[in-house]
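Now for the letters of each chain:
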Amino acid sequence: TRVRSSAASDVYKRQVVDKVRVLIVDDSAIMRKIIASALQKEPSIEIAGFAANGLQAIEAIQTCNPDVMTLDIEMPEMDGLTALREIRKVNKYLPIIMFSSLTHKGAQAAIMALTAGASDYVGKPANTTGGIDNAFRVLEAELIPKIIGLAKRVKSRRDREGQLASTPKSSPSPTAKIVPTAKSLVSTKDAPSLASKMSKATSGILAKPAEAVCIGVSTGGPEALMQVFSAFNAPINVPIFIVQHMPADFTALLAARLSATGVMTVKEAEEGEIAEPGIAYIAPGGFHMTLTRPGTKTIIHLNTEPPENSCRPAVDVLFRTAAEVYGNSLLAVMLTGMGYDGLKGTQVIKEKGGQVIAQDEATSVIWGMPGAVVQAGLADSVMPIDKITDEIIFRTRKVPGR
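These lines cover the structure that appears in this document, whether it is placed above or below. All values derive from a computational prediction rather than experimental measurement.

Calculation rules
Residues numbered from 1 in each chain as written. Predicted model: local features only at pLDDT ≥ 70, side-chain atom pairs only at ≥ 80, totals over all residues. Heavy atoms only, no water. Buried < 20%, exposed > 50% of the residue type's maximum accessible area, 1.4 Å probe, protein only. Helix = DSSP H or I, 4+ residues; strand = E, 2+ residues; numbered from the N terminus. Pairing = 2+ DSSP bridges. Right-handed = clockwise from strand over helix to strand, strands pointing away. Axes fitted to C-alpha atoms, helices over the stretch in contact; angles between N-to-C directions. Contact = heavy atoms within 4.5 Å. Phe/Tyr/Trp six-rings, centres within 6.5 Å; stacked < 30°, edge-to-face > 60°. Core = buried A, V, L, I, M, F, W, Y, C linked by side-chain atoms within 4.5 Å. Salt bridge = Lys/Arg side-chain N within 4 Å of Asp/Glu carboxyl O.

Comments concerning the pairing of strand β1 (residues 20-25)
With respect to burial, β1 is a largely interior element, five of its six residues being buried. Examined bridge by bridge, β1 and strand β2 (residues 45-51) share six bridges and lie parallel to one another. Each residue of the ladder has a partner; that of Val25, found in β2, is Ala51. Since β1 and β2 lie parallel, the crossover through helix α2 (residues 29-39) that links them has a hand, and here it is right-handed. Across four bridges, β1 lies against strand β3 (residues 68-72) in parallel orientation. Bridge pairing in β3 places Ile24 opposite Thr70.

As for the sheet that holds strand β9 (residues 279-282)
Spatial ordering of the open sheet is given by β8-β9-β7-β6-β12-β13-β14, a layout of seven strands whose pairing is parallel. The open sheet terminates on both sides in strands that have one partner only, identified here as β8 (265-268) and β14 (381-383). Pairs of neighbouring strands in the sheet enclose a mean axial angle of 20°, with direction left out of account. Bridge analysis of strand β6 (residues 212-217) against strand β12 (residues 330-334) gives five bridges, and the strand direction is parallel. Bridge pairing in β12 places Gly216 opposite Met334. Contacts from helix α9 (residues 250-261) reach β7 (240-244), β8 and β9, with the element oriented near 175° to β8. Together, β6, β12, β13 (355-359) and β14 form the strand contacts of helix α13 (residues 385-396), whose direction differs from that of β13 by roughly 170°.

Topic: the environment of Ala109
Mapping Ala109 onto the fold places it in helix α5 (residues 104-115). Taking the C-alpha atoms as reference points, Ala109 and Met98, separated by 11 residues in sequence, lie 9.6 Å from one another.

So, the sheet that holds strand β4 (residues 96-100)
Taking strand neighbours across the sheet as the criterion, the five strands line up as β2-β1-β3-β4-β5 in an open arrangement whose pairing is parallel. Looking at the sheet topology across the chains shown, the edges are occupied by β2 and β5 (120-123). Shown here is a sheet whose adjacent strand axes are inclined to one another by a mean of 25°, direction ignored. Sheet topology note: the β3/β4 ladder contains four bridges and is parallel. Residue Asp72 lies in a different strand from β4, and its bridge partner there is Phe99.

Description of the packing of aromatic side chains
Working definition: an aromatic ring pair is given by the centre-to-centre distance plus the angle between the planes. Tallying each qualifying case throughout the model produces three aromatic pairs. Seen in terms of ring centroids, Tyr121 and Phe250 are 5.1 Å apart; in terms of plane orientation they differ by 20°. Their pairing is stacked. Of this pair, Tyr121 sits in strand β5 while Phe250 sits in helix α9, and the two are 129 residues apart along the sequence.

Structural notes on the nonpolar core
If you look at the biggest cluster of nonpolar residues, it comprises 58 residues, and the most contacted ones within it are Met69, Phe229, Ile240, Leu335 and Ile392. A total of six residues in this core trace back to one element, the largest contributor, which is α5. Not counting residues within four places of it along the chain, the set of residues in contact with Ile240 comprises Val213, Ile215, Phe229, Phe232, Met264, Ile279, Ala280 and Tyr281. Membership of the second largest hydrophobic core comes to 35 residues, among which are Ala212, Phe319, Ile349 and Val374.

What to know about the pattern of salt bridges
Here the structure, examined in full by the defined rule, presents 11 salt bridges. A salt bridge links Glu324 to Lys352; the nearest nitrogen and oxygen atoms lie 3.6 Å apart. Highlighted residues: Glu324 in helix α10 (residues 315-326) and Lys352 in the loop between α11 (343-351) and β13, separated in sequence by 28 residues. Judged by relative accessible area, which is 54%, Glu324 ranks as exposed.

And the structure:
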């Protein structure tokens, strides 16, 4: 009996340990209750604690030891944005999901938070009194998957760091090279041709500079984009096209934020405009962005066709059409993001002879989108976020005399 009791106790302990502990921070008692009620429906989540303002949140992190935190933006004593900045000074990796109203003011605050280190955001349900059922649906559909995804990312990082700490250090062979292998995400009939193109692309010699750059990004994207664009010393001589998974209103504010902090002009794309070198175009929230070249100029188009990979804008749509326009003169960059949007589009880019950079796992908030590309054997370079700008410059520069 004692053995059975001990075994049952061990199973219970493992189940408790495996639960994702969430700290809920909101000045509204009603909102805290709604969020908690929604999260308690998910067996893998438990409530670690509550806080009513930023100061309490900072204290609660020490006492509750949460795996994930939801953080309201507008609060008394210390608002969410100030609390976020203070937390990030001492805790870089705690997943923090911001809550903001889907208003212009709320969107501005959310963009500020996302570029300051917030992991993700969820639009706060507008009517918490007359629309409780709707509030639950929003939280269950958007918040729970993000909590689970971010918690898994932190767990994998801790496991990896634990393995590195327990593994004796050895001197690697100077000729050792890590080569990504194609997974089942790439069809077997495409594997030989892709492997051939990969061997050419990774030879260290660029046949010619890229004439355009496409960037796909999602969870953790605003901060990653800030790092990329703030590192440019001068505008590059090709256009950049960006798909960041965001709702309407957010993308224009993100573009303005990126423009204000770097030397590149970043703007929300418009229907029918001609793409110009040195300018970055972000697909507006709610619209797919496609490219055509009827003559010598590349034209940007926007549409509201059905979502792909549950996304609109979708990275796949941009990558696919950009590959048709630029062929082997296209450079694709896959940054942090949940899911696998962009994988199929990257396959098309590689089939056309284009180049692909992927953000590494260590610096990604979620290594879903870049991870899918790397695991499929489609990445020419896999590197940390602080090296990607230099790689873009290298792969787009025109060398005199060539």
